[in-house]
Amino acid sequence: MNSEEKLILLDERLKLQQPQCGFGILEICCRNCVMGPCRISPFDGGPKLGVCGANEDTIVARNLLRKIAVGTSAHSDHGRAVAEALIKVARKEAPGYEIKDEFKLIKLALELGIDIKDKKTEEIAEKVGEVCLSQFGNQEGELIFTKRAPLKRQKIWKELGITPRGVDREVVEALHRTHMGTDQDYINLMKQAQRCALSDGWGGSMIATDLTDVLFGTPEPILGQVNFGVLKEDYVNIIVHGHEPLLSEMIVIASEDPELINLAKEKGAKGINIGGICCTANEVLMRHGISIIGNFLNQEMAITTGAVEVMVVDIQCIMASLPEISSCFHTKIITTSEKAKIPGAIHIHFTEENALEKAKEIIKMAIENYKNRKKENVLIPENKMDLVAGFSYESIYYILGGRFRATYRPLNDNIINGKIRGIAGVVGCNNPKVVHDQIHIKLVSKLIENDVLVLQTGCSAVACAKAGFMDSVKGLNYAGKGLREVCEAVGIPPVIHMGSCVDNSRILLAATCVVKEGGLGDDISELPAAGAAPEWMSEKALSIGQYFVSSGVFVVFGITWPTFGSKNLTKYLFEDIEKEVGGKWAFENDPDKMADLMLKHIDEKRKKLGIDKARERVLYDMAMRRELE
Ligand code: NFS
Ligand code: SF4
């Protein structure tokens, strides 16, 4: 780009795309074979069938199933990479990595039926890695971790025939069924969508979370900071962006190398500063308290601060525009995964075998690039906010029960007595179609104001951290009286950061722990709980939403809804599916109304459990008082 050309950022590109295709928005176009492309007209007189005879129900359902399959693939391939890494670490083929959580490893081994007697940690780790890896290619039976779900839930899945068999198998079958002339029944297509999504939530994603904990440590509450103000003007700034923690963990370790710190000082900087974007940010925040620069919509802006020497990326949610934008600044964009290259970026092939060496190489490159920073181009916004992160379903046990009495009892009791009205999972992306972070913030603030404890992951968590909801002191000011009381007693913020998007599996398990603790029904679908992804944009979000629905949760999405082109499919997903799995979808763009939908659902569940009375605070007026006397 020459200097006269204008830098085109994402908002501008969105404007240039207007008006976006109405057929695409309604998902009533099909390109699955070359008799097409076909479009179904939503208007009278237009074509109602594709060349093959497929109607809008088939086309919209196939499109949705494909999206869910892609989302499942992305999370699960990430999980597979962690399993492969664990095996290499166990075989001592990955210098620099070590097993940080032996306790979780042993627990996992026992759960997976691995004989640990007289075995060394490495031998156990190798076996655990292999069994987890086998889950991807499993052909028959059930994914092992589906056994973690409440018994009633497992029965529902079995009866419907949607218990996932193997992660890869469900994705392949999803793609097969959407081939021209195969599955044309929208409900049957959705059955596979459910099985596929469940293989993500209770399979690929859960493996990613568990094995990441084994390798890098199970998170425990930790302090951190968020927003652009964490970039340091006189430091070498390195941004880690993407998803897999394998690379970012090594960058963090290498950045602490005294030799490299001295080199940075020799080059005139005060030191090396690491910050994160997207889910990589959440991974390194959860375990090291590394600052978060921002979420999905902050990636381009981060470069325009002029203070970033290197942005190193791996996979997913990385904009193709980064090299182009960085060409106007001194920032170097480094891709590291063979699965994700971008023209214009520098590619450094990163593997577990060469991890530490490559991490050092990247940091050296950043240090060398510090001198190219143009002081007059540097503009770092001052905003930053403190937060507490690092909540896993395991750490919640100890926070609630005390160090020696791990239990979810206090949480259940406070839900039953009504101090906590319910639980909400608010997760997912940013989308430039709405004002950055605003829907997340408005929704979550209304939920906590109404005594709903909010569990978060992904870019939504970063949005609410920026707003101060995760600050252990400030956050309380936004909470309703009952929720505040509980949070103060336990010492947690009203909004709980549970990690990256694969860590939505932690929310599934936290919900399961609440069920197993007792007093709130026998299944996730009976809990006063709801989920939302108010600013979603990625196919991964659809997979997450579907596995929550299929696990019994009411889930609301904002922005747009991908089945409005088919009335029948939409009715199925918004209403009828509830009779089968106990959960259902809803769409609402207004955060205020979105919160109302979730609160209404939570109250209905409280009523069914017979705990609605506990919440009704009776206000005595004068007449009632007199009557009492
Ligand atoms: Ni989740 Fe993480 Fe963010 Fe959306 Fe992308 S970073 S995996 S997909 S944009 S929340
Ligand atoms: Fe058209 Fe059917 Fe081919 Fe799709 S599969 S492009 S609807 S002919």
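Everything here concerns the structure above.
Residues numbered from 1 in each chain as written. Chains lettered and ligands numbered in written order. Predicted model: local features only at pLDDT ≥ 70, side-chain atom pairs only at ≥ 80, totals over all residues. Heavy atoms only, no water.

1. Comments concerning the overall build of the protein
(1) Moving on: Of regular secondary structure, the protein possesses 25 helices and 16 strands.
(2) Moving on: Against the compact-globule benchmark of 25 Å for 629 residues, the protein has a radius of gyration of 25 Å, which places it among compact chains.
(3) Moving on: If one aligns the C-alpha atoms of the protein with their principal axes, the spans along those axes are about 80 × 70 × 60 Å.
(4) Moving on: A burial count over the protein gives 60% of its 629 residues as buried.
(5) Moving on: Counted over contacts in the protein with a minimum sequence separation of 6, partners at least 24 positions apart contribute 74%.
(6) Moving on: As displayed, the protein has an accessible area near 25400 Å², and 53% of this comes from carbon and sulfur atoms.
(7) Moving on: Side chains of the protein give 77 positive and 85 negative charges; the mean places of these two sets differ by 2 Å. (Helix = DSSP H or I, 4+ residues; strand = E, 2+ residues; numbered from the N terminus. Rg over C-alpha atoms; globule rule 2.2 N^0.38 Å. Buried < 20%, exposed > 50% of the residue type's maximum accessible area, 1.4 Å probe, protein only. Contact = heavy atoms within 4.5 Å. Areas by Shrake-Rupley, 256 points an atom, 1.4 Å probe, with all protein chains shown as cover. Lys, Arg positive; Asp, Glu negative; His and termini not counted. Charge placed at Lys NZ, Arg CZ, Asp CG, Glu CD.)

2. Re empty space enclosed by the protein
(1) Moving on: Counted according to the given criterion, the structure contains 8 cavities of 30 Å³ or more.
(2) Moving on: What the largest cavity holds in volume is close to 240 Å³.
(3) Moving on: As for the largest cavity, its lining consists of 23 residues, of which Gly425, Ile507, Ala530, Phe548 and Val553 are closest to the centre.
(4) Moving on: At the level of secondary structure, the elements contributing two or more residues to the lining of the largest cavity comprise strand S11 (422-426), helix H20 (504-517), strand S14 (529-533), helix H21 (539-549) and strand S15 (554-557).
(5) Moving on: It is S14 that contributes the most residues to the lining of the largest cavity, 5 residues altogether.
(6) Moving on: Of the residues in the lining of the largest cavity, the class split is 19 nonpolar, 4 polar and no charged.
(7) Moving on: Size it by volume and the second largest cavity reaches roughly 170 Å³.
(8) Moving on: Every element with two or more residues in the lining of the second largest cavity is listed here: helix H15 (393-401), strand S12 (452-456), helix H19 (481-490) and H20. (1 Å grid on protein atoms, 1.4 Å probe; cavity = no way out; pocket = protein on both sides within 12 Å on 5 of 7 lines; lining within 4 Å. Points joined across faces, edges and corners; volume = space filled by probe spheres on them. Nonpolar A, V, L, I, M, F, W, Y, C, P; charged D, E, K, R; others polar.)

3. Observations concerning the nonpolar core
(1) Moving on: Ranked by size, the top nonpolar core spans 177 residues in total, and within it Val128, Ile238, Ile251, Leu447 and Leu573 carry the most contacts.
(2) Moving on: Apart from the residues lying within four places of it in its own chain, the contact partners of Ile238 are Ile251, Ile272, Asn273, Ile274, Gly275, Val310, Val312, Ile363 and Ala366.
(3) Moving on: Of all hydrophobic cores here, the second largest spans 27 residues; its members include Cys278, Val313, Ile318 and Ile325. (Core = buried A, V, L, I, M, F, W, Y, C linked by side-chain atoms within 4.5 Å.)

4. Some points on unusual backbone geometry
(1) Moving on: Look at the link from Gln18 to Pro19: it is a cis peptide, with omega at -5°.
(2) Moving on: Summarising the element assignment, Pro19 is placed in the loop between helix H1 (10-16) and helix H2 (22-26).
(3) Moving on: Residues Gly36 and Pro37 are joined by a peptide bond in cis, for which omega reads 10°.
(4) Moving on: Relative to the helices and strands, Pro37 is located in the loop between strand S1 (29-30) and strand S2 (38-39).
(5) Moving on: The backbone of Cys278 sits at a positive phi, close to 60°, despite the residue not being glycine.
(6) Moving on: Among the structural elements, Cys278 can be located in helix H11 (residues 278-288).

5. Description of the site of ligand 1
(1) Moving on: The environment of ligand 1 is made up of His243, Cys278, Cys279, Phe296, Cys317, Gly428, Cys429, Cys459, Cys501, Met537, Ser538 and Lys540.
(2) Moving on: Here the residues of the shell around ligand 1 are counted per class, giving 8 nonpolar, 3 polar and 1 charged.
(3) Moving on: Taken domain by domain, the shell around ligand 1 gets at least three of its residues from each of domain 3 (228-377) and domain 4 (403-609). (Near = heavy atom within 4 Å. Domains from an automatic or database assignment.)

6. With respect to the site of ligand 2
(1) Moving on: Close to ligand 2 lie Cys30, Asn32, Cys33, Met35, Gly36, Cys38, Gly50, Val51, Cys52, Ile59, Arg62 and Met180.
(2) Moving on: Across the shell around ligand 2, the residue classes tally to 8 nonpolar, 3 polar and 1 charged.
(3) Moving on: For the shell around ligand 2, the domains that each give at least three residues are domain 1 (1-53) and domain 2 (55-216).

7. So, the pattern of salt bridges
(1) Moving on: The full count for this structure, using the stated rule, is 52 salt bridges.
(2) Moving on: Among the salt bridges present, the one from Glu159 reaches Lys155, with a minimum N-O distance of 3.5 Å. With a gap of 4 residues between them, Glu159 and Lys155 both fall in helix H6 (residues 151-160), about one helical turn apart.
(3) Moving on: For Glu159, a relative accessible area of 60% gives the class exposed.
(4) Moving on: For Glu368, the salt bridge is made with Lys267, and the minimal N-O distance between the two is 3.7 Å. Placement of Glu368 in helix H14 (residues 355-369) and of Lys267 in the loop between helix H10 (258-266) and strand S5 (272-277) is noted, with a sequence separation of 101 residues between them.
(5) Moving on: A relative accessible area of 37% means that Lys267 is categorised as partly exposed. (Salt bridge = Lys/Arg side-chain N within 4 Å of Asp/Glu carboxyl O.)

8. Notes on the coordination of the nickel atom of ligand 1
(1) Moving on: You will see that the nickel atom of ligand 1 has only one donor from the protein, Cys501 (SG), lying 2.2 Å away.
(2) Moving on: If you look at the nickel atom of ligand 1, its 4 donor atoms make angles of 90 to 165° with each other, and the shape they trace is irregular. (Donors = N, O, S within 2.8 Å, 3.2 Å for Na, K, Ca; no water. Tetrahedral: all angles 85-135°; square planar, octahedral: opposite > 155°, others 65-115°.)

9. What to know about the environment of Cys29
(1) Moving on: By the secondary structure assignment, Cys29 is in strand S1.
(2) Moving on: Along the backbone, Cys29 and Val60 are 31 residues apart, and their C-alpha atoms lie at a distance of 7.9 Å.
(3) Moving on: For Cys29, the contacting residues outside a window of four places in its chain are Phe23, Gly24, Cys38, Arg39, Ile59 and Asn63.

10. Some thoughts on H20
(1) Moving on: Its 14 residues place the ends of H20 20 Å apart at the C-alpha level, agreeing with the 20 Å of an ideal helix rising 1.5 Å per residue.
(2) Moving on: Among all positions of H20, only Asn504, Ser505, Arg506, Ile507, Leu508, Leu509, Ala510, Ala511, Thr512, Cys513, Val514 and Val515 are buried. (Expected span 1.5 Å × (residues − 1).)

11. Some details on the environment of Leu110
(1) Moving on: Position of Leu110 relative to the elements: it lies in helix H4 (residues 102-111).
(2) Moving on: Sequence separation between Leu110 and Leu285 is 175 residues, and the spatial gap between their C-alpha atoms is 29 Å.

12. Describing the packing of aromatic side chains
(1) Moving on: Across all of its chains, the model carries 11 aromatic pairs by this definition.
(2) Moving on: Summarising the aromatic geometry, the rings of Phe564 and Phe574 are spaced 6.1 Å apart at their centres and angled 85° between planes, so their arrangement reads as edge-to-face. Residue Phe564 is located in the loop between S15 and helix H22 (567-581), and its partner Phe574 is located in helix H22; the two are separated by 10 residues in the primary sequence.
(3) Moving on: The class for Phe574 is buried, based on a relative accessible area of 18%.
(4) Moving on: Among the aromatic side chains, those forming a connected cluster through ring pairs are Trp536, Phe557, Trp561, Phe564, Phe574, Trp585 and Phe587.
(5) Moving on: Positioned above the aromatic ring of Phe23 is the side chain of Arg39, whose terminal nitrogen or guanidinium carbon lies 4.4 Å from the ring centre.
(6) Moving on: Here the basic side chain of Lys232 rests over the ring of Tyr235, its NZ or CZ set 4.6 Å away from the ring centre. (Phe/Tyr/Trp six-rings, centres within 6.5 Å; stacked < 30°, edge-to-face > 60°. Lys NZ or Arg CZ within 6 Å of the ring centre and 35° of its normal.)

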